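For reference, the chains in residue letters:
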Amino acid sequence: MNILLPRADVTERTLAIVGELKGLEGPLLPILHEIQDEFGYVPQESLPVIARELNLSRAEVYGVVTFYHDFREHPAGRHVLKLCRAEACQSMGGDRLAERAKALLGIDFHETTPDGAVTLEPVYCLGLCSCSPSAMLDGEVHARLDDAELEALVAEARR
C-alpha cells in the first residue's frame, strides 16, 4: 500500500481495479473495497474514474463512500484502533473508555495522531455484545476492555 502515488498512478490503478470488477453484479462496493485495500483509503482522484466507468454520477459514488463507515477519504495511521460505539458497549462503560482513548492519543474519532502512528475510529458493532466493551486494533478484537487494557492497546499501537 503506497499512499504517496502520483495522480496518474492512482488513475491507472483505479482503472485496472474497475476493469477487473465491473462485470460483477453491483460492482461499486467491491471496487471501493479493492481500492481501499490498494491505497489504504479511497483517493478523491478515483471517484471520477469509477463514476465514468460505471456510468454513475460522481455524487452517487461519493455518497456511497461517505455513507459507509469503513471507507476512508484520507490515509489511516500505521495502526487503526476501532472502539465499539453500540448500545451494549456504551452501557458497559464504552463512553468512558472512548474519552480515555481520545485523551491518551490526543485525538478525536476520525483523526490520526500527528506522528501517523494511530487512527481512532468508531465502529457500530463488533459482534461482541456479551463481552463488552470491545475494540479492534489492526483487525484483532479485544473484549471486556478496562482502563488498563485500553492503555496497553494504545501503548502497543504507539510503538
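Residues numbered from 1 in each chain as written. Predicted model: local features only at pLDDT ≥ 70, side-chain atom pairs only at ≥ 80, totals over all residues. Heavy atoms only, no water.

- As named in an unreviewed UniProt entry, the chain is NAD-dependent formate dehydrogenase gamma subunit FdsG, taken from Sinorhizobium americanum.
- According to UniProt, the comment filed for the chain under the heading Sequence similarities (unreviewed entry) is "Belongs to the complex I 24 kDa subunit family." (UniProt positions renumbered as here; feature names shortened; annotations may be inferred.)

Digging into the UniProt feature "binding site: [2Fe-2S] cluster" (unreviewed entry) in the chain
For step 1, the next point in the chain: Per the UniProt entry, the sites bearing "binding site: [2Fe-2S] cluster" (unreviewed entry) are Cys84, Cys89, Cys125 and Cys129 in this numbering. Judged by maximum C-alpha separation, these annotated positions cover 46 residues in sequence but sit close together in space, the widest gap being only 9.5 Å.
For step 2, the next point in the chain: Topologically, Cys89 is positioned in helix H5 (residues 87–105).
For step 3, the next point in the chain: Not counting the four nearest positions on each side in its chain, Cys89 is found in contact with Cys84, Gly94, Ser132, Pro133 and Ser134.
For step 4, the next point in the chain: Looking at the secondary structure, you find Cys125 in the loop between strand E3 (118–123) and strand E4 (135–137).
For step 5, the next point in the chain: In this structure Cys125 touches Cys84 and Ala86, once residues within four positions along its chain are discounted. (Helix = DSSP H or I, 4+ residues; strand = E, 2+ residues; numbered from the N terminus. Contact = heavy atoms within 4.5 Å.)

Side note on the packing of aromatic side chains
For step 1, the next point in the chain: Enumeration according to the criterion identifies two aromatic pairs in this entry.
For step 2, the next point in the chain: Ring centres of Phe67 and Tyr68 lie 4.9 Å apart, and the angle between their planes is 90°; this geometry places the pair in the edge-to-face category.
For step 3, the next point in the chain: With 6.3 Å between their ring centres and 90° between their planes, Tyr68 and Phe71 make a pair best called edge-to-face.
For step 4, the next point in the chain: A residue is classified by how much of its surface remains accessible, and Tyr68, at 37% relative accessible area, is partly exposed.
For step 5, the next point in the chain: One aromatic cluster is present, formed by Phe67, Tyr68 and Phe71 through successive ring pairs. (Phe/Tyr/Trp six-rings, centres within 6.5 Å; stacked < 30°, edge-to-face > 60°. Buried < 20%, exposed > 50% of the residue type's maximum accessible area, 1.4 Å probe, protein only.)

Describing a nonpolar patch on the surface
For step 1, the next point in the chain: On the surface, Leu29, Phe67 and Tyr68 cluster together into a nonpolar patch covering about 300 Å² of accessible area.
For step 2, the next point in the chain: Along the chain, Phe67 falls in helix H4 (residues 58–67).
For step 3, the next point in the chain: Residue classification places Phe67 among the exposed residues on the basis of a relative accessible area of 56%. (Patch = residues over 30% accessible without salt bridge, like charges linked within 9 Å, V, L, I, M, F, W, Y side chains within 5 Å. Areas by Shrake-Rupley, 256 points an atom, 1.4 Å probe, with all protein chains shown as cover. Salt bridge = Lys/Arg side-chain N within 4 Å of Asp/Glu carboxyl O.)

As for the pairing of E3
In regular strands, side chains alternate between the two faces of the sheet.
For step 1, the next point in the chain: For E3, a buried count of six out of six residues is recorded, marking the element as mostly surrounded by other parts of the structure.
For step 2, the next point in the chain: The alternating pattern of E3 places Val118, Leu120 and Pro122 on one face and Thr119, Glu121 and Val123 on the opposite face, and all of these are buried.
For step 3, the next point in the chain: Direction of pairing for strand E1 (residues 79–84) relative to E3: parallel, over a ladder of six bridges. When the bridges of E3 are listed, Cys84 appears paired with Val123.
For step 4, the next point in the chain: From the end of strand E2 (residues 111–112) to the start of E3, which pair antiparallel, there are five residues, and Gly116 there has a positive phi angle of about 75°. (Pairing = 2+ DSSP bridges.)

Some words on the pattern of salt bridges
For step 1, the next point in the chain: Tallying each qualifying case throughout the model produces 12 salt bridges.
For step 2, the next point in the chain: Of the charged contacts in the structure, one is a salt bridge between Arg72 and Glu121, with a shortest N-O distance of 2.8 Å. One end of the pair, Arg72, is in the loop between H4 and E1; the other, Glu121, is in strand E3, and 49 residues separate them in sequence. Of the two residues, Arg72 and Glu121, neither departs from the other in class, the shared state being buried.
For step 3, the next point in the chain: The salt bridge partner of Asp115 is Arg158, with a shortest N-O separation of 3.7 Å. Residue Asp115 is located in the loop between E2 and E3, and its partner Arg158 is located in helix H6 (residues 147–158); the two are separated by 43 residues in the primary sequence.
For step 4, the next point in the chain: Owing to a relative accessible area of 42%, Asp115 belongs among the partly exposed residues under this scheme.

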